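Structural description and commentary
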Amino acid sequence: MTNIRDYIGINIEKLDNGDVFISQTDYVEKILDKFNLAESKKMGSPLAAGIRRTLFKGIKTDKAVLKLFQRMNGSLVYLSLTRPDVDFARLMCAICASNP
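Since the model is a prediction, treat every value here as computed from it, not as a measurement. (Residues numbered from 1 in each chain as written. Predicted model: local features only at pLDDT ≥ 70, side-chain atom pairs only at ≥ 80, totals over all residues. Heavy atoms only, no water.)

Looking at the overall build of the chain
Here is the rule: Secondary structure elements are taken from DSSP: a helix is a run of H or I of four residues or more, a strand is a run of E of two residues or more, and numbering for both begins at the N terminus. Buried residues are those whose accessible area, probed at 1.4 Å on protein chains only, stays under 20% of the maximum for their type, while exposed residues exceed 50% and partly exposed ones sit between those limits. Every residue pair with non-hydrogen atoms within 4.5 Å of one another is taken to be in contact. All accessibility values rest on the Shrake-Rupley procedure with a 1.4 Å probe; residue burial counts only the protein chains present in the view.
Check the secondary structure of the chain and you find three helices and three strands. Looking at the chain residue by residue over its 100 residues, the buried ones come to 19%. Considering only contacts in the chain between residues 6 or more positions apart, those separated by 24 or more positions represent 62%. Per element, the accessible surface of the chain, about 8,000 Å² overall, is 58% carbon and sulfur.

Considering the environment of L79
Along the chain, L79 falls in the loop between helix 2 (63–75) and helix 3 (84–95). A sequence separation of 69 residues divides L79 from I10, and the C-alpha atoms of the two residues are 9.1 Å apart. In this structure, L79 is in contact with Q24, Y27, V28 and V86, ignoring residues within four places of it in sequence.

Considering helix 2
Count 3.6 residues to each turn of an α-helix, and residues three or four apart come out pointing the same way. We count it as follows: By definition here, a helix of n residues has an expected span of 1.5 Å times n minus one.
Spanning 13 residues, helix 2 covers 18 Å between terminal C-alpha atoms, matching the ideal 18 Å at 1.5 Å per step. Of all the residues in helix 2, the buried ones are L66, F69, N73 and S75. Buried residues along helix 2 sit in contact with helix 1 (25–34) and helix 3.

Re the pattern of salt bridges
To be explicit about the condition: Salt bridge criterion: a side-chain nitrogen from Lys or Arg within 4 Å of a carboxyl oxygen from Asp or Glu.
The full count for this structure, using the stated rule, is two salt bridges. Close ionic contact of R83 with D85 constitutes a salt bridge, the shortest N to O distance being 2.6 Å.

Here's the deal with helix 3
Convention followed: What the arc covers is the set of directions going from the helix axis to the C-beta atoms.
Here helix 3 spans 17 Å end to end across 12 residues, near enough to the 16 Å set by a 1.5 Å rise per residue. Here helix 3 has its buried residues at V86, A89 and R90. End-on view of helix 3: buried residues confined to an arc of 100°, all on one side of the axis. The secondary structure elements touched by the buried residues of helix 3 are helix 2.

Points about the pairing of strand 3 (residues 20–23)
Side-chain positions along a regular strand alternate between the two faces of the sheet. Worth spelling out the cut-off: Note on pairing: two strands pair once DSSP finds at least 2 bridges between them.
Where strand 2 (residues 10–14) and strand 3 come together, four bridges link them in antiparallel fashion. Looking at the pairing, K14 lines up with V20 of strand 3.

Quick look at the sheet that holds strand 2
Within the open sheet, the three strands sit side by side as 1-2-3. Their pairing is antiparallel. In this open sheet, the two strands that pair with only one neighbour each are strand 1 (6–7) and strand 3. Relative to strand 2, strand 1 is paired through two bridges, and the arrangement is antiparallel. Paired with Y7 across the two strands is I10, which belongs to strand 2.

Details of the pairing of strand 2
Counting the residues that bridge the hairpin from strand 1 to strand 2 gives two residues, and of these I8 lies at a positive phi of roughly 40°. Hairpin connection, strand 2 to strand 3: the antiparallel pair is bridged by five residues, and G18 has positive phi, about 95°.

Listed below in structure tokens is the structure:
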């Protein structure tokens, strides 16, 4: 039987102890490149502790920035397969997607 190393954008690695490690590193790199964020600062957590929906309250954004924000958020949906923490942060941002 052949070992699968990549399946629908999910990287699969069988470790020496028999465990299976899944990630979407290639997909993350594509997203970062797509939005010119490859050189962005890495963070330990996808969402700062204590962030609230009111963070963006009252801030108006032009339509081009809003569309970019929505495209970025949509690109993260598939990432939630292996990163539920990213999905929670994405959801909190999506709440503001009508006017971030």
